[in-house]
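Each chain is listed here by its residues.
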Amino acid sequence: MTAPFDFAPLLAPGTPAPAILWKGFPKYNFIGGHNDAKHVPVEALVTAATTVLRREGATLATYGLNSGPLGYRPLREFLAKKLKDHAGIGCSPDEILITSGSMQGLELVNSLLLAKGDTVLIEQETYGGALTKLTKLGVNVTGIPLDEEGLRLDIVEQTLADLKKKGVTPKYIYTIPTVQNPTGAIMGEARRAQLIKLAAEYGVMIFEDECYSDLIWSGERPRSIYSMANGEGVIFIGSFSKSIAPALRVGYIVAKWDILGRILGLKQDAGSGALEQMVLAEFCTQHFATHVPKLNKTLHAKLQVLREALAEQFGTSAEFGDPAGGIYLWIKLPEVVDTQKLAQAALAAGVSLNPGPEWSTNKAYARNRLRLCFANPEPETIRQGVAVLAEVCRREFGVPLRSANVDRKS
């Protein structure tokens, strides 16, 4: 019998722990960026795929679909118009690079700008994937606290001044200003203007992540930072994952060509998925403007179901806001609760959640906070899942003292 080959000594330094074999989603799934299954426009995507393949399928024989390395040109043309109408961004299709999800956009920008030991400023509570990648790169991450409007600029200014005294210029300020992840905050235009002025004064780039900006209940939003700065000193990324479907893995970077050309030089992957780009361009040109409001109506209703369920099951033990958009709710529990331990116990009961420390640079601050994604579960599943979560939390930490408005004294 052949002995198992021991490859452990061959692993590169810093290799992460092995992934756990996936065995399906839990019954009550509140993690990740999953979206509403009933609003994936399957039939329209089928029609779009059939139409575009019959018309242009032969271009699959070439890398880049006869559109070049920036990505399928009709999709970039759609985005240029959509970004102008939605975010105020005036850019040409040749200032847009299609990526394999916004995650690749993050990686490409990091590859362009960062080296071990560099410093970046980010929101104290932010996208966990961004934190993970910065940690792996060995970058010094400075978290800036948030308020109801996002980044606190008084602390940004003080931090930049302190770093300047040490001879340190951060490589960028990473922000999710429009439906912040995980808090849902939306930065107003006055604060955006102040941030642009501060960044220019200290010679720091702004890295603007707008993956959730389509998901605003009212449909109204401030102009993007990129727009307000006329694209100077700002790199912008976005995605179709939240507005259409996360499994399609299509994102994009917007930047002036002097920056985008260098990013393109790093994207040595022979291009992002061609079929996805073709189908999205065909679908979005006809249906995006009507699809997103319908999706937002459903997401807003699910958010209110989640908020009502939390109020019923946790009472005053859970503190949370009423975000103006997005797919997440950021929740504060009593200080006795450790949400990392809660997540383990809850998963055993069939409830998955994102513990706060995974989404924050301040682990102590986020210890009793958690993020719930409400987009994918159906309303009744949300209610049931929150009831199970409350029971697990009461059993493990003694809170909530009330469940479903009934005193629990035993």
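In case you missed it, the structure is sitting above this.
The rules behind each value
- Residues numbered from 1 in each chain as written.
- Predicted model: local features only at pLDDT ≥ 70, side-chain atom pairs only at ≥ 80, totals over all residues.
- Heavy atoms only, no water.
- Pairing = 2+ DSSP bridges.
- Helix = DSSP H or I, 4+ residues; strand = E, 2+ residues; numbered from the N terminus.
- Contact = heavy atoms within 4.5 Å.
- Axes fitted to C-alpha atoms, helices over the stretch in contact; angles between N-to-C directions.
- Salt bridge = Lys/Arg side-chain N within 4 Å of Asp/Glu carboxyl O.
- Buried < 20%, exposed > 50% of the residue type's maximum accessible area, 1.4 Å probe, protein only.
- Parallel < 35°, antiparallel > 145°, perpendicular 65-115°, else oblique.
- Nonpolar A, V, L, I, M, F, W, Y, C, P; charged D, E, K, R; others polar.
- Expected span 1.5 Å × (residues − 1).
- Phe/Tyr/Trp six-rings, centres within 6.5 Å; stacked < 30°, edge-to-face > 60°.
- Lys NZ or Arg CZ within 6 Å of the ring centre and 35° of its normal.

S.K.: Got a sec to walk through the sheet that holds strand β15 (residues 369-373)? Specific residues and values, please.
M.R.: In space, the four strands of this open sheet follow the order β11-β12-β15-β14, with antiparallel pairing throughout. Both edges of this open sheet fall to β11 (319-320) and β14 (354-355), since each of them pairs with a single strand only. One ladder, built from two bridges, connects β14 with β15; its direction is antiparallel. Within β15, the position partnered with Asn354 by the bridge is Arg371. The strands touched by helix α9 (residues 274-314) are β11, β12 (328-332) and β15; relative to β12, the strand with the most contacts, the crossing angle is about 20 degrees.

S.K.: Tell me about the pattern of salt bridges, residues and numbers included.
M.R.: Working definition: two side chains of opposite charge can pair if their charged atoms are close together. All chains considered together, the criterion is met by 24 salt bridges. As a salt-bridge pair, Glu378 and Lys38 come within 3.4 Å of each other at their nearest N and O atoms. Taken together, the positions of Glu378 in the loop between β15 and α11 (379-397) and Lys38 in the loop between β1 (28-29) and α1 (42-56) put the pair 340 residues apart, joining distant regions of the chain. Look at Lys38 and you get exposed, because its relative accessible area is 67%.

S.K.: How would you summarise the packing of helix α5 (residues 153-165) against helix α6 (residues 189-202) if you had to cite specific residues and measurements?
M.R.: As a packed pair, α5 and α6 sit with axes 11 Å apart at the nearest point and diverge in direction by 5 degrees. When the axis of α5 is compared with that of α6, the two are roughly parallel. Side by side, α5 and α6 meet where Leu153, Val156, Glu157, Leu160, Ala161 and Lys164 of the first sit next to Arg191, Gln194, Leu195, Leu198 and Tyr202 of the second. Considering only residue class, the contact of α5 with α6 consists of seven nonpolar, one polar and three charged.

S.K.: Just give me the short version of α1, but keep the residues and values in it.
M.R.: The terminal C-alpha atoms of α1, which comprises 15 residues, lie 21 Å apart, in line with the 21 Å expected from a rise of 1.5 Å per residue. Contacts made by the buried residues of α1 are with α9.

S.K.: Tell me what's going on with the sheet that holds strand β7 (residues 172-175), and back it up with residues and numbers.
M.R.: In spatial order, the strands read β2-β10-β9-β8-β7-β3-β4; together these seven strands make up an open sheet with mixed pairing. The sheet is open, and its two edges are formed by β2 (96-99) and β4 (140-144), each paired on a single side. In this sheet, adjacent strand axes meet at a mean angle of 20 degrees when their direction is disregarded. In terms of strand pairing, β2 meets strand β10 (residues 251-254) through four bridges, oriented antiparallel. Looking across to β10, one finds that Leu97 is bridged to Ile253. In the packing of helix α2 (residues 73-87) onto the sheet, contacts are made with β2, β9 (234-239) and β10, and the angle to β2 comes to roughly 115 degrees.

S.K.: Describe the packing of aromatic side chains, listing the residues and the values that go with them.
M.R.: Using the criterion set out here, one finds ten aromatic pairs in the structure. Between the aromatic rings of Tyr174 and Phe207, the centroid separation amounts to 5.4 Å while the plane-to-plane angle is 70 degrees, which identifies the pairing as edge-to-face. Note that Tyr174 is positioned in strand β7 and Phe207 in strand β8 (residues 205-209), a separation of 33 residues in sequence. Exposure remark for Phe207: the relative accessible area of 1% places this residue in the buried category. Linked through ring pairs, Phe78, Phe240, Tyr252 and Phe288 together constitute an aromatic cluster. One cation-aromatic arrangement involves Arg369 over Tyr365; the distance from NZ or CZ to the ring centre is 3.8 Å. Over the ring of Trp359 we find Arg371; its NZ or CZ atom is 3.8 Å from the centre of that ring.

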